[in-house]
Amino acid sequence: MMSNFARIRTYAKVNLTLDVLKKREDGYHELSTVMHTIDLYDELTADFSCEGIKLTADFPLPENSVAYRAACEYSRRTGCGGANISIRANIPSMAGLGGSSADGAGVLRLMQARYGAMTKQELYSLAAELGSDVPFLLRGSTALCRGRGEIIEPLDDMRLSFLIVKPSEGISTKELFSSLKPPYAEPESEKAAAAIRAGSVSGLIDAVSNALSPAAEEKLPIICDIKRRLMGAGAVAAEMSGSGSACFGIFESADKARLAQKQFEDMAFCRACESIKYAE
Ligand code: C5P
């Protein structure tokens, strides 16, 4: 008999590159971004023996969170049963690490594993409706993502060592995008994707960039300091992830990343992380 209980980890992402190409008619921005999952995760547990959808978390959940909408929509579209889901979070919010999208993707994975009531296409299409990063976080690993971020072209896996650093202040994705003005920074994602396909870490390092950084640094100058400090601590590249405020440094080894971690104890969040590959 199928178990009524399940537990999964849902992982955070970093944007190794993020190009803003143009503002679209629908208000979103056309992006090209290389996303990459790291072993920083939220833990989701589900009890499927109940009726209806219930969601709790060890942090204040926003009303209509991505995770809640994911569970309700899966259930509404398939007519499949209830779920009592709880989230234990490690991924900081308002960080650009995809925390709330990862929770939404995790809920979809839990529901699909239990009920299997959607085709892959239906699942990915629901994911895209829930948020721009949800489809990528459903799949994980490394991909070149286009459109709002929901069109995924898988790339080869890379193993990288990171130090993730976040100041106490967060950034609202919506506010940051709405403060953006062209001209946007020179696109780098195609270059990064070509480097990954060629297995060139140095080519990837050269392309690490984020077109949202200047606007974010204007709001929070500490982001610039963190990037500088990461380079000073031995990173071979340092950039903000997504819409911030978390930054990542890429290090030559996990040991070097862990050693550098000691220099960021004044920060609200600091964690040495590695790449993580999802099994689909
Ligand atoms: O898709 P998601 O709900 O995660 O996006 C949050 C907000 O970020 C959107 O409401 C939009 O203002 C902005 N955004 C954007 N262009 C994107 C992705 C997000 O302008 N490609």
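Please read these numbers as outputs of a predicted model, since none were measured by experiment.

Conventions we followed
Residues numbered from 1 in each chain as written. Predicted model: local features only at pLDDT ≥ 70, side-chain atom pairs only at ≥ 80, totals over all residues. Heavy atoms only, no water. Helix = DSSP H or I, 4+ residues; strand = E, 2+ residues; numbered from the N terminus. Buried < 20%, exposed > 50% of the residue type's maximum accessible area, 1.4 Å probe, protein only. Contact = heavy atoms within 4.5 Å. Salt bridge = Lys/Arg side-chain N within 4 Å of Asp/Glu carboxyl O. Near = heavy atom within 4 Å. Polar contact = N/O pair within 3.5 Å; in protein donor to acceptor, adjacent residues only side chain to side chain. Areas by Shrake-Rupley, 256 points an atom, 1.4 Å probe, with all protein chains shown as cover. Nonpolar A, V, L, I, M, F, W, Y, C, P; charged D, E, K, R; others polar. Phe/Tyr/Trp six-rings, centres within 6.5 Å; stacked < 30°, edge-to-face > 60°. Axes fitted to C-alpha atoms, helices over the stretch in contact; angles between N-to-C directions. Parallel < 35°, antiparallel > 145°, perpendicular 65-115°, else oblique. Left-handed = near helix turned anticlockwise from the far one by under 90°. Pairing = 2+ DSSP bridges.

## Things to note about the side chain of Ser 101
Mapping Ser 101 onto the fold places it in helix H2 (residues 99-115). The buried category is assigned to Ser 101, whose relative accessible area is 11%. Setting aside its immediate chain neighbours within four residues, Ser 101 contacts Asp 133, Val 134 and Leu 137.

## Quick look at the pattern of salt bridges
Any two side chains of opposite charge can pair, given that their charged atoms come close. Within the structure shown, the criterion is met by 20 salt bridges. Across the pair Arg 159 and Glu 274 runs a salt bridge whose closest N-O atoms are separated by 3.4 Å. Of this pair, Arg 159 sits in the loop between strand S6 (151-154) and strand S7 (161-166) while Glu 274 sits in strand S11 (residues 269-274), placing them 115 residues apart in sequence. Using a relative accessible area of 61% as the deciding quantity, one classes Arg 159 as exposed. Residue Lys 256 pairs with Glu 252 through a salt bridge whose shortest N-O separation is 2.7 Å. One continuous salt-bridge network, built from bridges that share partners, spans Glu 73, Arg 76, Arg 77 and Glu 129.

## As for the site of the ligand
Near the ligand the following residues occur: Gly 27, Tyr 28, His 29, Leu 31, Gly 131, Ser 132, Arg 148, Thr 173, Lys 174 and Phe 177. Ser 132 places a polar side-chain atom, nitrogen or oxygen, 2.5 Å from an oxygen atom of the ligand. One of the backbone N or O atoms of Arg 148 is found 3.0 Å from a nitrogen atom in the ligand. When isolated, the ligand has an accessible area of 450 Å², and the protein chains bury 77% of it. Sorting the residues of the shell around the ligand by element identifies strand S2 (29-47) and helix H5 (173-178) as the ones contributing at least two each. Among the elements that take part in the shell around the ligand, H5 stands out by supplying 3 residues, more than any other. Looking at the shell around the ligand, its residues break down into 3 nonpolar, 5 polar and 2 charged.

## Considerations on the packing of aromatic side chains
According to the stated counting rule, one finds 3 aromatic pairs in the structure shown. Relative to Tyr 115, the ring of Phe 48 has its centre 5.6 Å away and its plane inclined at 80 degrees; by these criteria the two rings are edge-to-face. Here the residue Phe 48 occupies a position in the loop between S2 and strand S3 (53-57), and Tyr 115 occupies one in helix H2, the gap between them amounting to 67 residues. Here Phe 48 matches Tyr 115 in class, with each residue buried. Between Phe 162 and Phe 248, the aromatic rings sit 6.0 Å apart at their centres with planes inclined by 80 degrees, giving edge-to-face as the arrangement.

## Observations regarding the packing of helix H1 (residues 66-78) against H2
Look at H1 against H2: their axes get within 7 Å of each other, and the N-to-C directions meet at 25 degrees. In terms of axis orientation, H1 runs roughly parallel to H2. For H1 against H2, the interelement crossing comes out right-handed. Taken together, the residues of H2 that come into contact with H1 (itself represented by Val 66, Ala 67, Ala 70, Ala 71, Tyr 74 and Ser 75) are Ser 100, Asp 103, Gly 104, Val 107, Leu 108, Met 111, Gln 112 and Tyr 115. Across the contact of H1 with H2, the residue classes tally to 9 nonpolar, 4 polar and 1 charged.

## Digging into unusual backbone geometry
Omega for the peptide link from Pro 182 to Pro 183 comes to 5 degrees, which places this bond in the cis form. Within the secondary structure, Pro 183 sits in the loop between H5 and helix H6 (189-197). Look at Asn 64: it is not a glycine, yet its phi comes out positive at around 60 degrees. Among the secondary structure elements, Asn 64 is positioned in the loop between S3 and H1. The backbone of Met 94 sits at a positive phi, close to 50 degrees, despite the residue not being glycine. Within the fold, Met 94 resides in the loop between strand S4 (83-88) and H2.

## Details of the side chain of Ser 75
Inspection of the secondary structure puts Ser 75 in helix H1. Given the relative accessible area of 18%, Ser 75 is considered buried. Residues in contact with Ser 75, not counting those within four places in the same chain, are Ile 53, Cys 80, Gly 81 and Met 111.

## Concerning the sheet that holds S7
With antiparallel pairing, 4 strands are arranged side by side in an open sheet as S9-S10-S7-S11. What marks the edges here is a single partner per strand, and that holds for strand S9 (237-240) and S11. Averaged over all neighbouring strand pairs, the angle between strand axes comes to 20 degrees, with direction disregarded. Contacts from helix H10 (residues 254-261) reach S7, strand S10 (247-251) and S11 within the one sheet, and its direction differs from that of S11 by about 175 degrees.

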